[in-house]
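# Structural features, examined
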Amino acid sequence: MQVWKDYQLKNKDRFLNELLDLLRIPSVSANSEHKKDMIACAEAVKQKLLEAGADKAEMFSTEGHPVVYAEKIIDASNPTVLVYGHYDVQPPDPLDLWNSGPFDPVIKDGKIFARGSCDDKGQFYMHVKALETLVKTNTLSTNIKFIIEGEEEIGSPNLAKFVASNKALLSADVILISDTAMISMDTPSIDIGVRGLSYIEVEVTGPNRDLHSGVYGGAVANPITILAKMIASCHDENNHITIPGFYDNVVNATEEERKLMAEAPFNEADYKKDLGVEALWGEKGYTTNERTGIRPTLELNGIWGGYTGEGAKTVLPARAHAKISARLVPNQSSADITDRLLQYFKSIAPAGVTVKAEEHHGGEPYMTPIDSPAYRAAAKAIETTFGKVPIPVRGGGSIPICSLFEKELGIKIVFMGFGLDSDNLHSPNEKFDIFNFYKGIETIPYFHRYFAEQQ
């Protein structure tokens, strides 16, 4: 609609500057030192929702970080869309790999470089500005509710209790989430599923203190060596995961789905060039897109122990640590896989060391139907603004709250992500293209219009 375009064009610079202000707040949920920043960010989100036209917006306390809720109700008989997003971000480390300050947003080559620019401040803020567009042009045809949480990056430990206690407040006809990516702006796509997550930490302990590696080396088990061997044993020569029972409940993708995935454009040479690698790695028998979408994986996220400072110190360490995560597919259970991982590392510990393994957090895989009115509305909205029918794909990441929402609220989720896989999520120099930001603001109002028309 021309009235939307006119309003968005007139206010585009303000939209961008507001996002930059939000990105300057270091809302790192994982670090207790940022507790005040988390509250400040939640306050800012609440205020921006009110300014955008929400009838009310408020912060709800949890045992952790606050949840921001807002709503714009125009008619109880109209369909209601619940928008989910998160204002917390990943820790910015390692800081020395950033080309600019992670919380000092820089625009370069049409891209916003800052922690949270894509995941998820830039993406949920598109919905805030879409609400403003609809309200200020008096064209809103749905009721809109927002739930913006501050703990997604640490597994949403307090959201389940909040949702269960506020079912009436959160009641809606569909949940709309922009925390995913498209294949590209030339080849738009919609995620029809996200993978689940199981995240554990392992500690291997050997001697009762750090030892001189010359005096004791060769006589005492080195925890780092043992841990490295244990981790290496998790994959076989075909990069197949060896954890007993790991694949028991995996629902294999049909040949039809694999054929559809193969139609998505993929240039392996460009993919390797972008990552700076000479070869790709993964489970034998599957393509790169299949490995990152329809197959479960097991990855080492961090490992440490011994002396890691400047120079040399010949030490045989007393302890070694690792953080390990598994991405899950339907119908794997995060509780089941977590238990299998914990038991595996404990069971293969050799004599001379002890192993402590514990869970951090997890989440379930989620699939959304492609024959629902909400999916059709999303696909039509994207086709309207991109001029192309979006390709349905499965995302490789995880959004732990998806299955929780469906269980507690009894409604389905539709993903409308406008990020790119190359946006360096969770990495230094995270970015979000300004074009993508504006494209999301342009497209989202059409979703509300088409969704209302189908009811």
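Structure shown above.
Description of the structure in this document.

Reading guide: rules and limits
- Residues numbered from 1 in each chain as written.
- Predicted model: local features only at pLDDT ≥ 70, side-chain atom pairs only at ≥ 80, totals over all residues.
- Heavy atoms only, no water.
- Helix = DSSP H or I, 4+ residues; strand = E, 2+ residues; numbered from the N terminus.
- Buried < 20%, exposed > 50% of the residue type's maximum accessible area, 1.4 Å probe, protein only.
- Contact = heavy atoms within 4.5 Å.
- Areas by Shrake-Rupley, 256 points an atom, 1.4 Å probe, with all protein chains shown as cover.
- Pairing = 2+ DSSP bridges.
- Disulfide = S-S within 2.5 Å.
- 1 Å grid on protein atoms, 1.4 Å probe; cavity = no way out; pocket = protein on both sides within 12 Å on 5 of 7 lines; lining within 4 Å.
- Points joined across faces, edges and corners; volume = space filled by probe spheres on them.
- Salt bridge = Lys/Arg side-chain N within 4 Å of Asp/Glu carboxyl O.

### Regarding the overall build of the protein chain
- Scanning the protein chain from terminus to terminus reveals 13 helices and 20 strands.
- Seen through its C-alpha atoms, the protein chain measures out along the principal axes to roughly 80 × 50 × 45 Å.
- Here the protein chain, with 455 residues, has 54% of them falling under the buried criterion.
- Across the protein chain, every contact between residues at least 6 apart in sequence was considered, and the portion connecting residues at least 24 apart equals 80%.
- Taken as a whole, the protein chain presents about 20,100 Å² of accessible surface, with 49% of it coming from carbon and sulfur.

### Notes on the sheet that holds strand β17 (residues 391-394)
- On the basis of which strands lie adjacent, the open sheet formed by 3 strands has the order β16-β9-β17 and mixed pairing. In this open sheet, the two strands that pair with only one neighbour each are β16 (366-367) and β17.
- Judged from the 2 bridges that link them, strand β9 (residues 189-194) and β16 form a sheet pairing that is antiparallel. Paired with Val 194 across the strands is Tyr 366, a residue of β16.

### A look at the state of the cysteines
- Applying the stated criterion across every chain, the model contains 0 disulfides.
- Note on Cys 41: no disulfide assigned, nearest cysteine sulfur contributed by Cys 118 at a separation of 16 Å.

### Focus on the pairing of strand β2 (residues 67-72)
- Within β2, 6 of the 6 residues are buried, leaving the element largely enclosed by the surrounding structure.
- Of the two faces of β2, the one lined by Val 67, Tyr 69 and Glu 71 and the one lined by Val 68, Ala 70 and Lys 72 are each fully buried.
- With 5 bridges joining them, strand β1 (residues 56-60) and β2 adopt antiparallel strand pairing. For Phe 60, the partnering residue across the bridge sits in β2 and is Val 67.
- In this antiparallel pair of consecutive strands, β1 and β2, the connection spans 6 residues.
- Pairing geometry for β2 and strand β6 (residues 143-149), over 5 bridges, is antiparallel. Opposite Tyr 69, over in β6, you have Ile 147 as the bridge partner.

### Some thoughts on empty space enclosed by the protein
- In this structure the tally under the stated criterion is 1 cavity of 30 Å³ or more.
- Reported here for the largest cavity is a volume of approximately 40 Å³.
- In this structure, the largest cavity is lined by Gly 193, Val 194, Arg 195, Gly 293, Leu 328, Val 329, Pro 330, Tyr 366, Met 367, Arg 394 and Gly 395.
- Sorting the residues of the lining of the largest cavity by element identifies β9 and β16 as the ones contributing at least two each.

### Notes on the pattern of salt bridges
- Taken as a whole and assessed by the stated rule, the structure comprises 23 salt bridges.
- Two residues, Glu 63 and Lys 161, come together in a salt bridge whose shortest N-O distance is 3.4 Å. Placement of Glu 63 in the loop between β1 and β2 and of Lys 161 in helix α4 (residues 159-165) is noted, with a sequence separation of 98 residues between them.
- Exposure remark for Lys 161: the relative accessible area of 57% places this residue in the exposed category.
- Here Arg 394 ties to Glu 257 by a salt bridge, and the two come within 2.8 Å at their closest N and O atoms. Here Arg 394 is found in strand β17, whereas its partner Glu 257 is found in helix α7 (residues 255-262), with 137 residues between them in sequence.

So yeah, pure geometry; function would need other evidence.
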